[in-house]
Amino acid sequence: MNEKIKEIISESLAVKTKVLQDERLIGIVGGIVSLIVDRFREGKHLYFCGNGGSAADAQHLAAEFSGRFYINRDALPSEALHCNTSYLTAVANDFSYDLIYSRLIKGIGKPRDILVGMSTSGNSVNIIKALETAKEKGITTIGMTGEGGGKMKELCDYLIDIPSRNTPRIQEGHMLLGHIICQLVEAKYFGA
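Computed from a prediction, not measured in an experiment: that's the story for all the values here.

Looking at the overall build of the chain
Alright, step 1. Across its full length, the chain carries 7 helices and 5 strands.
Alright, step 2. Listing each helix as α and each strand as β along the chain from the N terminus yields α-α-β-α-β-α-α-β-α-β-β-α.
Alright, step 3. Scaling as 2.2 N^0.38, a compact globule of 192 residues should have a C-alpha radius of gyration of about 16 Å, and the chain matches this with 16 Å.
Alright, step 4. If one aligns the C-alpha atoms of the chain with their principal axes, the spans along those axes are about 50 × 40 × 30 Å.
Alright, step 5. Across the 192 residues that make up the chain, the buried fraction comes to 47%.
Alright, step 6. Here the contacts in the chain between residues at least 6 apart in sequence split such that 68% fall between residues at least 24 apart.

Concerning the nonpolar core
In globular proteins that are soluble, nonpolar side chains generally tend to be buried together.
Alright, step 1. Ranked by internal contacts, the top residues of the largest apolar core, which has 33 residues, are Ile36, Phe48, Phe65, Ile160 and Ile181.
Alright, step 2. Elements represented by at least two residues in this core include exactly α1 (2-21), α2 (23-41), β1 (46-50), α3 (53-66), β3 (114-118), β4 (140-146), β5 (158-162) and α7 (167-190).
Alright, step 3. Examining the composition of this core, we find that 9 residues originate from one element, α2, more than from any other.
Alright, step 4. If near-sequence neighbours (up to four positions away) are discounted, Ile36 is found in contact with Leu46, Phe65, Ile114, Ile181 and Val185.
Alright, step 5. Listed in part, the 21 residues of the second largest apolar core include Cys49, Ile105, Ile127 and Met152.

Considering α2
Alright, step 1. Spanning 19 residues, α2 covers 27 Å between terminal C-alpha atoms, matching the ideal 27 Å at 1.5 Å per step.
Alright, step 2. Taken together, the buried positions of α2 are occupied by Leu25, Ile28, Val29, Ile32, Val33, Leu35, Ile36, Val37, Arg39 and Phe40.
Alright, step 3. A distance of 3.1 Å separates the backbone nitrogen of Arg24 from a side-chain oxygen at the start of α2, and that oxygen is part of Asp22.
Alright, step 4. Positive backbone phi, at 85°, marks Gly43, one or two positions downstream of α2.

Quick look at the packing of aromatic side chains
Remark: the centre distance and the inter-plane angle together describe each pair of aromatic rings, the angle taken between the planes.
Alright, step 1. Per the counting criterion, the structure on display carries 5 aromatic pairs.
Alright, step 2. Taking the centre distance of 6.3 Å and the plane angle of 25° together, the rings of Phe48 and Phe65 count as stacked. With Phe48 in strand β1 and Phe65 in helix α3, this pair connects stretches of sequence that are 17 residues apart. The pair formed by Phe48 and Phe65 is uniform in burial state, with each residue classed as buried.

What to know about the pairing of β3
Alright, step 1. Burial analysis of β3 places 5 of its 5 residues in the buried class, the great majority of the element.
Alright, step 2. Covered by surrounding structure in β3 are Ile114, Val116 and Met118 together with Leu115 and Gly117, the residues of both alternating faces.
Alright, step 3. Where β1 and β3 come together, 5 bridges link them in parallel fashion. The residue of β3 that forms the bridge with Cys49 is Gly117.
Alright, step 4. One ladder, built from 5 bridges, connects β3 with β4; its direction is parallel. Residue pairing across strands places Gly117 opposite Gly143, the latter belonging to β4.
Alright, step 5. Between β3 and its parallel partner β4, the chain crosses via helix α6 (residues 125-136), and the hand of that crossover is right-handed.

Reading guide: rules and limits
Residues numbered from 1 in each chain as written. Predicted model: local features only at pLDDT ≥ 70, side-chain atom pairs only at ≥ 80, totals over all residues. Heavy atoms only, no water. Helix = DSSP H or I, 4+ residues; strand = E, 2+ residues; numbered from the N terminus. Rg over C-alpha atoms; globule rule 2.2 N^0.38 Å. Buried < 20%, exposed > 50% of the residue type's maximum accessible area, 1.4 Å probe, protein only. Contact = heavy atoms within 4.5 Å. Core = buried A, V, L, I, M, F, W, Y, C linked by side-chain atoms within 4.5 Å. Expected span 1.5 Å × (residues − 1). Polar contact = N/O pair within 3.5 Å; in protein donor to acceptor, adjacent residues only side chain to side chain. Phe/Tyr/Trp six-rings, centres within 6.5 Å; stacked < 30°, edge-to-face > 60°. Pairing = 2+ DSSP bridges. Right-handed = clockwise from strand over helix to strand, strands pointing away.

Set out below in structure tokens:
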């Protein structure tokens, strides 16, 4: 058992080492930090969407912005799109699960807002449709995926593609970089 635990930790460290050594990916993360700070200063909103574990991660990251990360400060306009279960189940039932996020983005998204779509495969249909709708509305799109980006790649202005095809390792990479983005946005926006 101990050896298996060490093996899994080693796999996680190997993926994070690849992220650390990927200057392209590090530069994308830096660009996202600047983008989010600039858009918050314009009064724009940051939206997150995902499915399953990625929905939990989306909600977690949205809460880091709307609540707090390291410093006590004002809330920032950020939310995860799946938190209204009445809306979610009604649209999934009356229309299609594929439309749960695109319909909401069409209704509430404004030009120059930001949508972060999270999908380890990069191929989740409802995330792809949300990104398509966001592009139509002039909303900046950020994708958080696994290696290669899947079908989402072409729809993302910024792509964080974790260099792995292993779902738990990808999600761990998303949270690592997501937390870095939260920390640096908070520090830059509030001058901490």
